[in-house]
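What follows is each chain in one-letter form.
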Amino acid sequence: MAGKLLVIGFGPGSFEHITKRAQEAIQESDCVIGYKTYVELIQNLLSNQEIISTGMSEEVTRAQAAVRLAEEGKKVAVISSGDAGVYGMAGLVYEVLVEKGWVEETGVEVEVIPGVSAINSCAALLGAPVMHDACTISLSDHLTPWDLIAKRIEAAAQADFVIALYNPKSGRRTRQIVEAQKILLKYRAPDTPVGLVKSAYREKQHVVMTTLKEMLNHDIGMLTTVMIGNSSTFLYGSKMITPRGYQRKYTLNADVQPLKPHERLRRENEPWALHEGKEEETPLALAMEALQTVKAEKAAALENAVAAPVYNPVESIFELAVSPGVANKKFTPQQLIALAEVTGEKGTMEYTPHHQILLRIPTANPEEITQKLRSVNLSLSPIGDVLVVKACDFCDGEKSDSIPYAEEIQKKLGGIDLPKELMLGFNGCGMACYGAVKEDIGIVFRKGKFDLFLGAKTVGRTAHAGQPVVEGIEPENIVKVIENIVNEYKEKGHPNERFYKFFKRVREVQGFKHRDITPVIEVEPAPCGE
């Protein structure tokens, strides 16, 4: 009777990371075949099985012995660390079977049992480095010519893959990792994050965070997996993190922000996609564009046949809001020219009802943009879930007494991160013609003092003005009052919770009690729940 081959990947080596099926397969086998170090790692799972252990370079011998024993009717466990199908024994076992004319329906049964590969186990220890397209490359040239390995490294580096290098170095193979670094530095920045993981989840586990430039200054051996980030990978404390995609936004005074889920597939947020952020074109237009691209590429290739590609950072979307100032509503010609120049053909400008222009500009150098805009005295603000000051024009500056307080609020609180975007309306007289009372927080300057309104519902069919909570706040106190309210909302607000909902939920903010002033009318709920 034909036996069975159990080709098992037992993961990184710790018992708790061996799958239940792998444990069962080892225990039900008649004999176990593997590299002697691997046999030692699963010693606690062995009972009376026959053990055949060999040295590091005897994989073919192990595969042949396993097939022979299975043909004798035995149930044979062929063990590999990691996953048997990733630089493991699965391929060799099938190759030996094929050479012997194996027929799946009538020959020995084969079950390949998956395990946790080094790229996965090491990634878990490093943080989240493999969140985008990645590849594994073995630097061992025992079975693969080095010229081919070098080409693969070059292709992966040029294509900006996250790269996991297996078998990077041994006692006799020392130059391969050096050559690999040289190739990678042609396409990656020297400060590209690199994680070195030795003996993941074993007793002698060792994890090092370094960079592409410095990685050879650390101990690297056969038991090390070298994880090399792509152009967007970053280090945060002791963690190596690769964003899920290149679809990222920059804004002022903030780190890189991932696009919100509902924004990720919008064409305008994908300037690097095949469609370049543009609307769908006709088949004929696409065909003509492709033809022109091919012609241009051929011409460029002839001119630059010997030019090597160089590291080129991926452009991200830089977002910011610009205005002439808190009180000023008039753009100068120089400011408009500067806006057009920094936006270019690929960026967008969007006028908003908040007295700002929103810029979305694909760039790898946001500082260059901000410098140019500030040089023409434009006021710059971050966008997103931040505080936005919406001040009136103070009757074209004629009613200027309260302008310094509006500017101080903007300086202290404008652009700070909050649970949800918060509009702070500021009007310089009792007419409140710019609608401050209809914003999340409304401030109205009247008779030399300030009136305060909280919790307006700014949108929807049940929209209403803010609740008047206090009149006659002394000018020297208004900034501190607003600061305290905003800080309480920042601390206690739920993610994505609008200010009016927060005020209604907590019932009291800084001593100001909530009163429900929602219009009492029969209105069918809007589909969005507002």
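Cut-offs and rules
Along each chain, residue indices are assigned from 1 in the same order as the chain's sequence is written. Reporting of local features is limited, given that this is a predicted model, to residues whose pLDDT is at least 70; pairs of side-chain atoms are given and counted only at 80 or more, and all residues count toward the totals for whole chains, interfaces and linings. Side-chain numbers here rest on the full set of heavy atoms in the structure, without hydrogens or water. Here an axis means a line fitted to C-alpha atoms, over the contact stretch when the element is a helix, while the angle between two N-to-C directions is reported on a 0 to 180 degree scale. Per the convention used, a helix needs a DSSP run of H or I reaching at least four residues, while a strand needs a run of E reaching at least two, with both numbered from the N terminus. With respect to orientation, any angle under 35 degrees is reported as roughly parallel, any angle over 145 as roughly antiparallel, any angle of 65 to 115 as roughly perpendicular, and every other angle as oblique. Crossing handedness follows the turn of the near helix against the far one: under a right angle anticlockwise gives a left-handed crossing, and clockwise gives a right-handed one. Contact between two residues is taken to exist if any of their heavy atoms lie within 4.5 Å; hydrogens are not considered. Each residue is assigned to one of three groups, with Ala, Val, Leu, Ile, Met, Phe, Trp, Tyr, Cys and Pro labelled nonpolar, Asp, Glu, Lys and Arg labelled charged, and all others, Gly among them, labelled polar. For this analysis, a ring pair means two rings from Phe, Tyr or Trp (six-membered ring only for Trp) whose centres lie within 6.5 Å, classed as stacked if their planes differ by under 30 degrees, edge-to-face if by over 60, and tilted for the remaining angles. With a 1.4 Å probe rolled over the protein chains alone, any residue whose accessible area is under 20% of its type maximum counts as buried; one over 50% counts as exposed, and the rest are partly exposed. At least two DSSP bridges between two strands are needed for those strands to be called paired. Cavities and pockets were defined on a 1 Å grid built from protein atoms only: a cavity is a group of points that admits a 1.4 Å probe but offers it no way out, a pocket is an open group of points flanked by protein on both sides within 12 Å along at least five of seven lines, and a lining residue is one with an atom within 4 Å of any such point. Grid points are joined across faces, edges and corners, and a volume is the space filled by probe spheres set on the points. Arc definition: it is the arc formed by the directions from the helix axis to the C-beta atoms. The working definition used for a salt bridge is a side-chain nitrogen of Lys or Arg within 4 Å of a carboxyl oxygen of Asp or Glu.

A.B. asks: Hey, could you run me through the packing of helix α11 (residues 403-413) against helix α12 (residues 475-492) in this one?
C.D. replies: Where α11 meets α12, the closest approach of the two axes is 10 Å, and the angle between their N-to-C directions is 30°. The angle between α11 and α12 places the two elements in the roughly parallel class. Between α11 and α12 lies a crossing of right-handed hand. Between α11 and α12, the contacting residues are Y405, E408, I409, K412 and L413 on the first element and P475, E476, I478, V479, I482, E483 and V486 on the second. For the contact of α11 with α12, a count of residues per class yields 8 nonpolar, no polar and 4 charged.

A.B. asks: I keep staring at the packing of aromatic side chains and nothing clicks. Help me out?
C.D. replies: The geometry of an aromatic ring pair is captured by two quantities: the separation of the ring centres and the angle between the planes. According to the stated counting rule, one finds 12 aromatic pairs in the structure shown. A centroid spacing of 5.9 Å and a plane angle of 55° characterise the contact between Y94 and W102, whose relative ring orientation is tilted. Residue class for Y94 comes out partly exposed when judged on its relative accessible area of 33%. A network of ring pairs unites the aromatic residues F394, Y405, F426, F445 and F450 as a single cluster.

A.B. asks: For this particular structure, what's the right way to read the sheet that holds strand β7 (residues 134-138)?
C.D. replies: Working definition: the strands of a sheet are paired by backbone hydrogen bonds and lie parallel or antiparallel to each other. Ordered in space as β7-β8-β11-β9-β10, the 5 strands form an open sheet in which the pairing is mixed. The open sheet has two edge strands, β7 and β10 (206-211), and neither has a second partner. Each strand of the sheet is rotated relative to its neighbour by a mean of 20°, with strand direction disregarded. As paired strands, strand β9 (residues 193-198) and β10 are joined by 6 bridges and run antiparallel to one another. Directly across from P193, in β10, lies its bridge partner T211. Lying over the sheet, helix α5 (residues 118-126) contacts β7, β8 (162-166), β9, β10 and β11 (224-228), oriented at roughly 70° with respect to β11. Contacting β7 and β8, helix α6 (residues 146-158) crosses the sheet at an angle of about 160° to β7.

A.B. asks: Is there a simple way to explain empty space enclosed by the protein in this structure?
C.D. replies: Any space left empty among the atoms is revealed by the rolling of a water-sized probe across them. Summed over the entire model, instances satisfying the criterion amount to 2 cavities of 30 Å³ or more. If you add up the space inside the largest cavity, you get close to 140 Å³. Along the walls of the largest cavity sit 13 residues, with S323, G325, V326, Q356 and V389 positioned nearest its centre. Breaking the lining of the largest cavity down by element, the ones donating at least two residues are β19 (379-381) and β20 (387-391).

A.B. asks: I'm lost on helix α13 (residues 499-506) in this one. Help?
C.D. replies: For the α-helix, the turn length of 3.6 residues means that residues three or four positions removed from each other point alike. Those residues of α13 lying buried are F499, Y500, F502 and F503. Buried residues along α13 cover an arc of 160° about the axis, so they all sit on one side. Count one or two residues on from α13 and you reach R507, which has phi positive near 75°.

A.B. asks: How should I be thinking about the pattern of salt bridges in this particular structure?
C.D. replies: Opposite charge on two side chains permits pairing when their charged atoms draw close. On inspection of all chains with the given rule, the structure shows 25 salt bridges. Between D219 and K198 there is a salt bridge; the shortest N-O distance is 3.6 Å. With D219 in the loop between β10 and β11 and K198 in strand β9, this residue pair connects regions lying 21 residues apart in the sequence. Judged by its relative accessible area of 30%, K198 falls in the partly exposed class. In this structure, the salt-bridge partner of E508 is K513, at a minimum N-O distance of 2.7 Å.

A.B. asks: Is there a simple way to think about unusual backbone geometry in this case?
C.D. replies: Most peptide bonds are trans, and most residues other than glycine sit at a negative phi. Positive phi values are uncommon outside glycine, yet F394 reaches one of about 50°. One can find F394 in the loop between β20 and α11.

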